[in-house]
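Reading the structure
For reference, the chains in residue letters:
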Amino acid sequence: MENDKRKITKVREEKAAWEERYKDFQKVDVDLTTVSGMEVPPLSTPCDLDGSNYLRDLGFPGSYPFTRGIYDSMYHGKLWTMRQFAGFGTPRDTNKRFKFLLEQGQTGLSTAFDMPTLMGYDCDHERAKGEVGKEGVSVSSLADMEALFDGISLDKVSTSMTINCTAIIILAMYLVVAEKQGVRWDRLDGTTQNDMLKEFIAQREWICPPRPSVKIVVDVIEFCSKYVPKWHPVSISGYHIREAGSTAVQELAFTVADGIGYVRECIERGLQVDEFGPNLSFFFNVHNDFLEEVAKFRAARRMWANIMRDRLGAENPKSWMLKTHAQTAGCSLTAQQPLNNIVRVTIQALAAVLGGTQSLHTNSMDETLSLPTEEAVTVALRTQQIIGEESGVINSIDPLGGSYLIEDLTNRIETEAHDYIRRIDELGGIIEAIDKGFPQKEIADSSYRYQQRLDNGDKVIVGVNRHTVEDETPFPTLRIDEEVAGSQMDGLREVKRRRNKRAVQQHLKSITKAAKSGENLMPYIIDAVRDYATLGEISDVFREVFGIYRDPAYY
Amino acid sequence: MEDDRRVRILIGKAGLDGHDRGAKIVARALRDAGYEVVYTGLHLTPEMIVETAIQEDVDVLGLSILSGAHNYLFPEITRLLKEMGADDIVVFGGGIIPRDDIPGLINNGVKAIFQPGTPTGEIIDWVKDNIKPRDL
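Quick summary incoming for the structure in this document. Being a predicted model, the structure only gives us computed values, none of them experimental. (Residues numbered from 1 in each chain as written. Chains lettered and ligands numbered in written order. Predicted model: local features only at pLDDT ≥ 70, side-chain atom pairs only at ≥ 80, totals over all residues. Heavy atoms only, no water.)

Some remarks on the sheet that holds strand β3 (residues 60-65) of chain B
Residues and elements named next belong to chain B. Read across the sheet, five strands follow the order β2-β1-β3-β4-β5 without closing on themselves; strand pairing throughout is parallel. If you trace the sheet from one side to the other, it starts and ends with β2 (36-39) and β5 (112-114), each paired once. The mean angle between the axes of side-by-side strands here comes to 20 degrees, regardless of whether they run parallel or antiparallel. Contacts from helix α3 (residues 70-83) reach β3, β4 (90-95) and β5 within the one sheet, and its direction differs from that of β3 by about 160 degrees. (Pairing = 2+ DSSP bridges. Helix = DSSP H or I, 4+ residues; strand = E, 2+ residues; numbered from the N terminus. Axes fitted to C-alpha atoms, helices over the stretch in contact; angles between N-to-C directions. Contact = heavy atoms within 4.5 Å.)

And the structure:
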């Protein structure tokens, strides 16, 4: 101990001497901050980690606090799941893309739905005009989900679905598709995003106000914990928080705060934390600032383990593990010189892997121009395969662990995120904080500050504010067939003509009654979609019983 | 009397698209540049946008669309403005809009489209050079 202290003192002295020499040559225009504006020291040394304790702060992979990874063998047991997000046009179009991706060696499916589906409108609704099949696949009834997963055995794939305010309806349809394939619900593996808190904070697709929205989220968690035990009913998402312009610390803090919010609501419902804790999963962004991102993932695991064990009372180590999906940062891609995006995606994907992610989506180079072409998607998937199978970075677990800078950044990100959590606690929890606009305003401020730093050239984006070219050659983009809306509407008309109208009306009445009484809605919705009640009809019940949320428009 | 009032701007999000980072940054940059800015918030129909633009007496309407629905929403809004006799309100926009779609939008009465990566200063300068207060 005495010896250690002497060593640190000695390092400190020598560092001071080095700093003098360094200053002589330091250029004034070097910006030593991360993309989030966090200060980075020009050189890290053991002095930055004074007071750290290996077993307490890092430990071993697979053991508390999981800083170095959640599994004992990490990628030596199983490589991360390569999961490319896909969805456009009709369910048949997307089904074809799914099969293409599976043939290319992808190991999990990830579904993007179009805006009307995300917002609870059928394809024939006035508000769906111009949007059907554009930003994802269009689903109005069980018939569409049957076409979407046609020829794909639901017990052979794990399926992630990016769906939030209508997640309960889409999951109900998925369960009925499984039933029709003869697949038992306890064999289903996958994730519904179903994270409404971050919708109000960042992604901004909603039907009802925060409280009833969270109640429906908890319905799904409760139902899955009993009947779909392998399913991840919620993916607590920082991705969209970051895309909306937050810093890395805010992304982490607001995501963990959302997680605490759901756990508290579930406990309030009467669930035991260890009944659903192991099935909570997370979803983080990976931005350009490589070292900051690696540190963020490590800090996230340590924070969640600590909060679940010591604050929320989880006893099962599986509840302490922060399992996460990661996606490269859409907002970091440029419309200028799109091929450069391949390089950005590679750097980001590498950060996610060295950060220890469980699954990964790599963005395609053309996503600031349109939905990706098949060629662009293939390059994005190959990027992951090169990292995983060619580069050798997976040979040693958490290979950056122990770097003075990485450990220092991990500590600082965790401390700053805890400060935010404390402020949210003081406001009464995350729902109250959202009601007061706290995370929304913090993110808007960060986003504006970052834009100012871009505009004045403090931060560089190659091809945008430095190394630009005039007159770029046009880039091939994917066009969505304008016929999609028409063919979807024809399909829906046919479904409505054939179904048992009286049964549908009866189901909608039952859902209304259950919504008013506060019962779990899931069983009623499953029965309704089985008889082809539509997503829009069920969402109308939500609108009628729970009301519609209006955006307070903070900027 | 010479109308020396400040230019009023409506920044709008039409359709179901929730991507509002760009719209909010542009609204704030224009406000900081001294303009009077109203931001609509999300999920408005073309009718609601046009109604707000007229009620708020704006001179210019900036629309942000990242959902792929631009070829429907822009023309619908310029059509409604004309129908209401308010087509002296200048319309511009930005978002994920393929370059090939821009000429069609311009033909439909959209004055300018800004693509991703545009510095806010460029939009402010464009407003300065192109927008005068309307005769009300």
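Examining the layout of surface pockets
All names here are of chain A. Estimated volume of the second largest pocket: approximately 360 Å³. If you trace the second largest pocket, you find 14 residues lining it, with D4, I8, L49, D50 and G51 closest to the centre. Top contributing element to the lining of the second largest pocket by residue count: helix α1 (residues 2-25), with five residues. (1 Å grid on protein atoms, 1.4 Å probe; cavity = no way out; pocket = protein on both sides within 12 Å on 5 of 7 lines; lining within 4 Å. Points joined across faces, edges and corners; volume = space filled by probe spheres on them.)

A short note on the environment of A:E389
Residues and elements named next belong to chain A. By the secondary structure assignment, E389 is in helix α15 (residues 374-389). For the pair E389 and L79, spaced 310 residues apart in sequence, the C-alpha to C-alpha distance is 9.2 Å. Residues contacting E389, with those up to four places away along its chain left out, are L79 and M82.

Some details on the packing of helix α20 (residues 501-517) of chain A against helix α21 (residues 522-530) of chain A
All names here are of chain A. Taken N-terminus to C-terminus, the directions of α20 and α21 make an angle of 165 degrees; their axes are 9 Å apart at the nearest point. Of the possible angle classes, the one that applies to α20 and α21 is roughly antiparallel. The crossing of α20 and α21 is left-handed. Listed contacts from α21 to H507, S510, I511 and A514 of α20 are Y524, I525, D527 and A528. (Parallel < 35°, antiparallel > 145°, perpendicular 65-115°, else oblique. Left-handed = near helix turned anticlockwise from the far one by under 90°.)

Some points on α3(B)
In an α-helix, one turn spans 3.6 residues, which is why side chains three or four residues apart end up on the same side. Residues and elements named next belong to chain B. The end-to-end C-alpha distance of α3 is 20 Å, a good match for the 20 Å that 14 residues give at a rise of 1.5 Å each. Listed in full, the buried residues belonging to α3 are H70, L73, F74, P75, E76, I77, T78, L80 and L81. Where α3 is buried, its residues contact α2 (46-55), β3, β4, α4 (102-107) and β5. Backbone geometry just after α3 places G85 at a positive phi near 70 degrees. (Expected span 1.5 Å × (residues − 1). Buried < 20%, exposed > 50% of the residue type's maximum accessible area, 1.4 Å probe, protein only.)

Re the interface of chain B and chain A
Each partner contributes residues to the interface: chain B has 39 residues there, and chain A has 40 residues. Each partner contributes to the roughly 3300 Å² buried at the junction of chain B and chain A, and carbon and sulfur atoms together form 51% of this total. Here A:R204 and B:D20 are joined by a salt bridge, their closest N and O atoms 2.5 Å apart. Scanning the region where chain B abuts chain A turns up 12 residue pairs in polar contact (both at pLDDT 80 or more). Those elements giving two or more residues to the side of chain B that touches chain A turn out to be α1 (21-32), β2, α3 and α5 (120-130) of chain B. Class assignment of the residues belonging to the side of chain B that touches chain A gives a composition of 16 nonpolar, 13 polar and 10 charged. (Buried area = accessible area lost by both parts, 1.4 Å probe. Salt bridge = Lys/Arg side-chain N within 4 Å of Asp/Glu carboxyl O. Polar contact = N/O pair within 3.5 Å; in protein donor to acceptor, adjacent residues only side chain to side chain. Nonpolar A, V, L, I, M, F, W, Y, C, P; charged D, E, K, R; others polar.)

Quick look at empty space enclosed by the protein
Residue and element names in this part refer to chain A. Tallying each qualifying case throughout the model produces five cavities of 30 Å³ or more. Space inside the largest cavity adds up to approximately 100 Å³. Lining the largest cavity are 15 residues; nearest its centre among them are Y75, V353, I397, D398 and P399.

Structural notes on the environment of A:R12
Residue and element names in this part refer to chain A. Within the secondary structure, R12 is located in helix α1. Assessed through its relative accessible area of 44%, R12 is described here as partly exposed. Residues R12 and P46, 34 residues apart in the sequence, show an inter-C-alpha distance of 8.8 Å. Excluding anything up to four places from it in sequence, R12 contacts C47 and D50.

Side note on the side chain of A:T383
Structurally, the position occupied by A:T383 is in helix α15. Within polar-contact distance, the side chain of A:T383 engages the backbone oxygen of A:V379 at 2.8 Å.

That is the geometry; function is a separate question.
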